[in-house]
Amino acid sequence: MAIGRIIGGQSLGEQEENFNVSLRPKFLDECVGQPNLREKLAIAMAAARQRKEPLEHILFYGPPGLGKTTLANVVANEMGARIRCSSGPALVKAGDVMGLLSNINTGDVLFIDEIHRLSTPVEEFIYPAMEDFKVDFTVDSGMHAKTINFPLKRFTLIGATTRAGLLSAPLRSRFGMLYHLDFYSAEELTTILSRSADLLDLQCEEGTLERIAACSRGTPRVANRLLKRVRDYAQVKGTGMLSGQIVENALKMEQIDPLGLDELDRAVLRALANIYEGGPAGIEAIAATLGEERDTLEDVVEPYLLQIGFLRRTKRGREITKQACDHLGLKLHKKKSKKSDQPELFEQGEQ
Ligand code: ADP
């Protein structure tokens with residue numbers, strides 16, 4: 001059975017969605033971190049407001065849970081615009097997009113999550129909408145087919161993706177602003193947690209939020225989700241107050257280690273070390289070994305393991321690093337090399 005994961009959008013229950021909605025910053029000055037991005041966004045919005053023009057199209061890209069959807073909503077709020085949300089896989093036919101675009105007003109934001117998963121016909125349908133604010137829509141088929149040129153109001157398309165590399169060049173080039181979201185520092189996550197704790201009316205002992213932040217994989221969604229788990233634990237097993245001991249127990253129950261690695265991270269690293277002798281191993285092979293989706297490993301697990309230097313990506317596949325083996329107490333069986341002068345694993349220089 002696949003190991004459950006806390007970060008993917010699908011794993012959020014309705015309750016968690018509600019929880020997130022209330023914790024989601026609404027305006028730019030409530031957002032924490034990403035200082036460069038926030039500054040560029042603030043300037044672009046101020047300029048557009050001064051010119052009384054809609055904002056140019058924006059692409060936010062980066063690992064899940066870092067705030068792409070949040071920023072799209074923030075942009076709409078700051079611009080005093082309405083936002084309509086959809087996602088790449090939900091827009092199957094040109095007609096699906098037409099339904100959204102025909103109801104759009106000047107300055108409205110159209111947010112498309114997972115924009116790298118748009119089908120080619122939908123993508124091609126969107127090009128003239130983004131560039132010239134018009135679409136060519138075909139009604140009927142066969143002999144009766146007619147193409148109607150439909151003018152649109154000037155809107156702002158905000159796309160979000162975990163895989164900017166999968167976006168076609170023509171689509172990417174139609175965004176005026178492309179912003180990469182980075183992992184957050186422990187200090188930034190502590191600030192986010194402290195805001196969330198205030199909103200949830202939680203009392204916390206000194207140092208507890210720092211401890212949760214340190215286990216949050218640089219990701220606000222993980223930080224808020226862990227806070228919620230600890231809150232539950234504190235409510236049932238304690239007085240409701242977040243004490244050091246309560247936090248430790250709750251994190252242990254969640255199987256989160258001091259670096260924030262969870263069962264799925266550890267399973268990937270263990271598979272690499274024990275089954276693939278440290279690698280290199282292809283992502284498909286690792287996914288098949290664990291019974292996980294390749295996309296989950298690429299989107300959710302890999303970015304953080306790469307960031308902390310536990311994983312190496314080479315042309316031949318993924319390799320575990322010595323740091324990861326030391327952290328998990330894993331021992332690698334040295335590879336039998338065909339050529340005796342071939343260096344053994346970990347005696348090679350880091351790539
Ligand atoms: P993504 O769309 O990148 O997957 P979200 O925008 O859904 O991520 O963010 C996940 C959660 O993290 C949000 O619900 C919000 O509570 C929190 N969050 C994200 N970015 C920030 C931020 N800059 N400051 C405070 N909280 C944030």
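This is a predicted model, so every value here is computed, not measured. (Residues numbered from 1 in each chain as written. Predicted model: local features only at pLDDT ≥ 70, side-chain atom pairs only at ≥ 80, totals over all residues. Heavy atoms only, no water.)

Asker: Residues and numbers for the nonpolar core, please.
Answerer: Residues Leu 41, Ile 58, Phe 60, Ile 212 and Leu 242 are the most contacted members of the largest nonpolar core, which totals 73 residues. Aside from chain neighbours lying at most four places away, what touches Ile 212 is Leu 193, Ala 223, Leu 226, Leu 227, Val 230, Leu 242 and Val 247. Listed in part, the 25 residues of the second largest apolar core include Met 98, Leu 118, Ala 129 and Leu 167. (Core = buried A, V, L, I, M, F, W, Y, C linked by side-chain atoms within 4.5 Å. Buried < 20%, exposed > 50% of the residue type's maximum accessible area, 1.4 Å probe, protein only. Contact = heavy atoms within 4.5 Å.)

Asker: Go over the site of the ligand, please, and point to the residues and values.
Answerer: Surveying the vicinity of the ligand reveals 18 residues, the closest of which are Arg 24, Gly 65, Lys 68, Thr 69 and Thr 70. The separation between an oxygen atom of the ligand and a polar side-chain atom of Thr 70 is 2.6 Å. Between the ligand and the protein, one listed contact pairs an oxygen atom with a side-chain N or O atom of Arg 221 at 2.9 Å. The fraction of the free accessible surface of the ligand (560 Å²) that becomes covered by protein chains is 96%. At the level of elements, α1 (14–23), α3 (68–78) and α9 (220–237) are the ones that each hand at least two residues to the shell around the ligand. Of the residues contributing to the shell around the ligand, the split by class is nine nonpolar, six polar and three charged. For the shell around the ligand, the two domains that each supply at least three residues are domain 1 (10–180) and domain 2 (186–253). (Near = heavy atom within 4 Å. Polar contact = N/O pair within 3.5 Å; in protein donor to acceptor, adjacent residues only side chain to side chain. Areas by Shrake-Rupley, 256 points an atom, 1.4 Å probe, with all protein chains shown as cover. Helix = DSSP H or I, 4+ residues; strand = E, 2+ residues; numbered from the N terminus. Nonpolar A, V, L, I, M, F, W, Y, C, P; charged D, E, K, R; others polar. Domains from an automatic or database assignment.)

Asker: Which residues make up the sheet that holds strand β2 (residues 83–87), and what values go with them?
Answerer: Sheet strands associate in pairs through backbone hydrogen bonding, adopting either a parallel or an antiparallel arrangement. Read from one edge to the other, the open sheet built from five strands follows the order β2-β3-β6-β1-β7, with strand pairing classed as parallel. Both outer strands of the open sheet, β2 and β7 (177–180), are each paired with one neighbouring strand and no more. Each neighbouring strand pair of the sheet contributes to a mean axis angle of 15°, computed without reference to strand direction. Pairing analysis gives five bridges linking β2 to strand β3 (residues 109–113), with the strands arranged parallel. Bridge assignment links Ser 87 to a residue of β3, and that residue is Asp 113. Across the sheet, helix α2 (residues 35–51) is in contact with β1 (58–61) and β7; its angle to β7 comes to roughly 160°. (Pairing = 2+ DSSP bridges. Axes fitted to C-alpha atoms, helices over the stretch in contact; angles between N-to-C directions.)

Asker: If you had to explain the confidence of the model for the protein to someone new, which residues and values would you point to?
Answerer: On average, the protein scores 88 in pLDDT, and the residues at 70 or more come to 89%. Low pLDDT, under 50, characterises residues 4–17; the stretch is placed with 23 contacts to residues that sit more than four places away or in other chains. Every residue in residues 338–344 is under pLDDT 50, and counting partners more than four places away or in other chains gives four contacts. (pLDDT = per-residue confidence, 0-100.)

Asker: Any details on the pattern of salt bridges? Residues and values, ideally.
Answerer: Here the structure, examined in full by the defined rule, presents 23 salt bridges. The partner of Arg 195 in a salt bridge is Glu 30, with the nearest N and O atoms 3.0 Å apart. With Arg 195 in helix α7 (residues 186–199) and Glu 30 in the loop between α1 and α2, this residue pair connects regions lying 165 residues apart in the sequence. Residue classification places Arg 195 among the partly exposed positions, given a relative accessible area of 21%. By relative accessible area, which is 27% here, Glu 30 ends up partly exposed. Between Glu 263 and Arg 266 there is a salt bridge; the shortest N-O distance is 3.0 Å. Highlighted residues: Glu 263 and Arg 266, both in helix α11 (residues 263–274), separated by three residues, approximately one helical turn. Linked by salt bridges that have partners in common, Arg 163, Glu 284, Arg 294, Asp 295, Glu 298, Asp 299, Glu 302, Arg 313 and Arg 318 make up one network. (Salt bridge = Lys/Arg side-chain N within 4 Å of Asp/Glu carboxyl O.)

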